[in-house]
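# Structural features, examined
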Amino acid sequence: MNDLIKRRYEELGELNKLNFEAYAYDYEVNAYSAHIKNNFDLYENKDVKIAGRIMAIRRMGKASFAHIQDKDGRIQIYLKKDEIGNSYDAFKLMDIGDIIGVDGFVFKTKTGEISVHARSMNLLAKSLRPIPIAKEMIDEEGNKKIYDQFADKELRYRQRYVDLIVNPDVRDVFIKRTSIITALRNYLDENYFVEVETPVLQPLYGGAAARPFVTYHNSLDRTLYLRIADELYLKRLIVGGFDRVYEISKDFRNEGIDKTHNPEFTMLELYAAYKDYNWMMEFVENMINTVSLKVFGKTEFIVEGNIINFKAPWNRLSMVDELKKHLGIDVLQASKEDLQKELKQRGFEMSGTESKGKLIDILFEETIQHTIIQPTFVIDYPVELSPLAKKHRSREGIVERFEGFVLGREICNAFSELNDPIDQRQRFEAQAKLREEGDDEAHQIDEDFLRAIEYGMPPTAGLGIGIDRLVMLLTGQTSIRDVVLFPQMRT
RNA sequence: GGGCGCGUAGCUCAGUGGUAGAGCAUCUGCCUUUUAAGCAGAGGGUCGGUGGUUCGAGACCACCCGCGCUCACCA
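Since we're looking at a predicted model, the values are computed, not measured.

This paragraph deals with the overall build of chain A. Counting secondary structure elements, chain A contains 16 helices and 20 strands. Taking the principal axes of its C-alpha atoms as reference, chain A extends roughly 90 × 60 × 45 Å. Going through the 491 residues of chain A one by one, you find that 51% of them count as buried. Entry remark: accessible area of chain A is about 24,600 Å², with carbon and sulfur atoms responsible for 49%. In chain A, which carries 68 positive and 80 negative side-chain charges, the distance between the mean positions of the two groups comes to 5 Å.

As structure tokens, then:
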């Protein structure tokens, strides 16, 4: 044990001798730092009870100043030996990191800082470990400078509780995250969507192209999969007569971890009966427009030096038309070999097992996708890539599907849902064939899902939005780890 | 999984083969409106781990662990 920790255990004993309980049961808080500072005229000379963690101490013999941090920020407290007696001796044994309650009146110091002049002080929880304290200073231009900030990313993610204590910006991002999700929920609720919960443990996984986590149920004696998507269960509910459903929940994909991928991530999926993908495009742009106004009061964001505007309506681009325009290739007419040749010329390595749809997808990703900066719906995807989407009503070989892109990154995926059970069976069979050929991300045949839509599923529009990535964009974070409280780490 | 980089005090970092350093934090003393409080003094290290090279390794070499960036796969 290092000396800093040993010291704190000793102080704990000393505090007990002074009849100071190190771990209290409660404290009647009636004011918070930010509210006091923002409403000084209401609070001046009024009594308040505040509580929080000591973040800085300036002792001057028989009087001391300290900053304590509560849920909203920091406020200074002032303690005088004359006035708090025994508690002042206890305060001498306290450290940065300890949690205290202060009862006192609000005043302004000589230098103008709004503070609480203590009448009494209670220890609520003794901190036994030193926190990586960062000192703050406001320079002449009013900019906040932080010294020795706790910056080691590994420690910040593994010990998020410490990160949250010492890096206030981190807390702000997560509060924004919650506000975004709340705003999405409100918007959906106002539009008559019903929030539901569907199984995380599934006997068959589906609804996306991805490798699953595999687990095992002992008493059922069978393999179960952690869901990779909610889609097939939510559409069963559309069959069951819910007109509009949504679910916000974790999906799990057994893939690599990087800046934009965490193995468990939060997905919003929603389905609306009697609507198609054209309706859904308007719905999405209005939803994001509304949410950004509600949470941030604006639709314009500066992300990585680009001004992004989420104001509806967003651009629309046809994937096949763009490829024809920019590369002069009609991907629908072109053979698989033509596409392979085209990609090879551009220097892309292929395994040779890619389907034609996949080749079109690669071509699009490599040539056009990264040029899309402003929020844009890319429409009309090849049928091979979209086994759950309805065929385009007038164009051969493509489906009624769109993905939303911002800054070259996908933020949502949607389609007119395939409700023809005969077509759906054929699509599943095509996927099964790909699977046999070694594509371990190809869709499994879900007989019960087929059975469900054989009862009849109304025409339906469906949408999935990766919440983590949406939060990244709106809060300006460049790593998914900075919008997930406890990101996956090697153990 | 591949490539590049990093790991030294609680935190942030110096230290290019010869006694392990700084600032903040901690401790002692002084200080009753300070604010990166101040002044004077003190303590604190398995230099990520294991081997190796060397008279001598924090530094050089090998392997391992962890993290970051990046490429591949995916949302």
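We now examine the packing of helix H14 (residues 421-436) against helix H15 (residues 447-454). Viewed as axis vectors pointing N to C, H14 and H15 meet at an angle of 165 degrees, and their least axial separation amounts to 9 Å. Taken together, the axes of H14 and H15 lie roughly antiparallel to each other. Pair H14 / H15 crosses with right-handed handedness. Between H14, through Pro421, Gln424, Arg425 and Phe428, and H15, the contact on the second element is made entirely by Glu447, Phe449, Leu450, Ile453 and Glu454. Along the lines of polarity and charge, the residues of the contact of H14 with H15 split into five nonpolar, one polar and three charged.

What follows concerns the packing of helix H11 (residues 319-327) against helix H13 (residues 356-367). Geometry of a packed helix pair, given as the angle between the helix axes and the separation of the axes. Remark: H11 packs on H13, axes separated minimally by 11 Å, with the N-to-C direction vectors making an angle of 60 degrees. The pairing of H11 with H13 is recorded here as oblique in orientation. For the pair H11 and H13, the crossing hand works out as left-handed. Where H11 abuts H13, its residues Met319, Leu323 and Leu327 lie against Ile360, Asp361, Leu363, Phe364 and Thr367.

A surface patch of negative charge is lined by Glu255, Glu436, Glu437, Asp439 and Asp440. Its place among the elements puts Glu255 in the loop between strand S12 (244-252) and strand S13 (264-273). Note on Glu255: relative accessible area 31%, which makes it partly exposed.

Attention now moves to the sheet that holds S12. In spatial order, the strands read S8-S12-S13-S20-S19-S18-S17-S16; together these eight strands make up an open sheet with mixed pairing. The open sheet has two edge strands, strand S8 (194-195) and strand S16 (315-318), and neither has a second partner. Both strand S17 (residues 376-382) and strand S18 (residues 398-406) contribute to a ladder of six bridges, which runs antiparallel. Considered in S18, the bridge of Pro382 is made with Ile398. Packing against the sheet, helix H10 (residues 277-296) makes contact with S12, S13, S16, S17, S18, strand S19 (409-416) and strand S20 (460-466), and its axis sits at approximately 35 degrees to S20. Docked against the sheet, helix H16 (residues 467-475) engages S13, S18, S19 and S20, running at close to 60 degrees with respect to S20.

What follows is about the protein's contact with RNA strand B. The local shell around RNA strand B holds 56 residues, among which Asp82, Thr111, Lys135, His261 and Arg469 are the closest. Within the backbone of Lys62, a nitrogen or oxygen atom sits 3.4 Å from a phosphate oxygen of RNA strand B. Between Ala151 and RNA strand B, the recorded distance is 3.2 Å, taken from a backbone N or O atom to a phosphate oxygen. Counted by class, the surface near RNA strand B contains 18 nonpolar, eleven polar and 27 charged residues.

Among all positions of helix H9 (residues 231-239), only Glu231, Leu232, Leu234, Lys235, Arg236 and Ile238 are buried. Where H9 is buried, its residues meet S12, S13, S19, H15 and S20. Directly after H9, the chain includes Gly241, whose backbone phi takes a positive value near 110 degrees.

What counts and what doesn't
Residues numbered from 1 in each chain as written. Chains lettered and ligands numbered in written order. Predicted model: local features only at pLDDT ≥ 70, side-chain atom pairs only at ≥ 80, totals over all residues. Heavy atoms only, no water. Helix = DSSP H or I, 4+ residues; strand = E, 2+ residues; numbered from the N terminus. Buried < 20%, exposed > 50% of the residue type's maximum accessible area, 1.4 Å probe, protein only. Areas by Shrake-Rupley, 256 points an atom, 1.4 Å probe, with all protein chains shown as cover. Lys, Arg positive; Asp, Glu negative; His and termini not counted. Charge placed at Lys NZ, Arg CZ, Asp CG, Glu CD. Axes fitted to C-alpha atoms, helices over the stretch in contact; angles between N-to-C directions. Parallel < 35°, antiparallel > 145°, perpendicular 65-115°, else oblique. Left-handed = near helix turned anticlockwise from the far one by under 90°. Contact = heavy atoms within 4.5 Å. Nonpolar A, V, L, I, M, F, W, Y, C, P; charged D, E, K, R; others polar. Patch = residues over 30% accessible without salt bridge, like charges linked within 9 Å, V, L, I, M, F, W, Y side chains within 5 Å. Salt bridge = Lys/Arg side-chain N within 4 Å of Asp/Glu carboxyl O. Pairing = 2+ DSSP bridges. Near = heavy atom within 4 Å. Polar contact = N/O pair within 3.5 Å; in protein donor to acceptor, adjacent residues only side chain to side chain.

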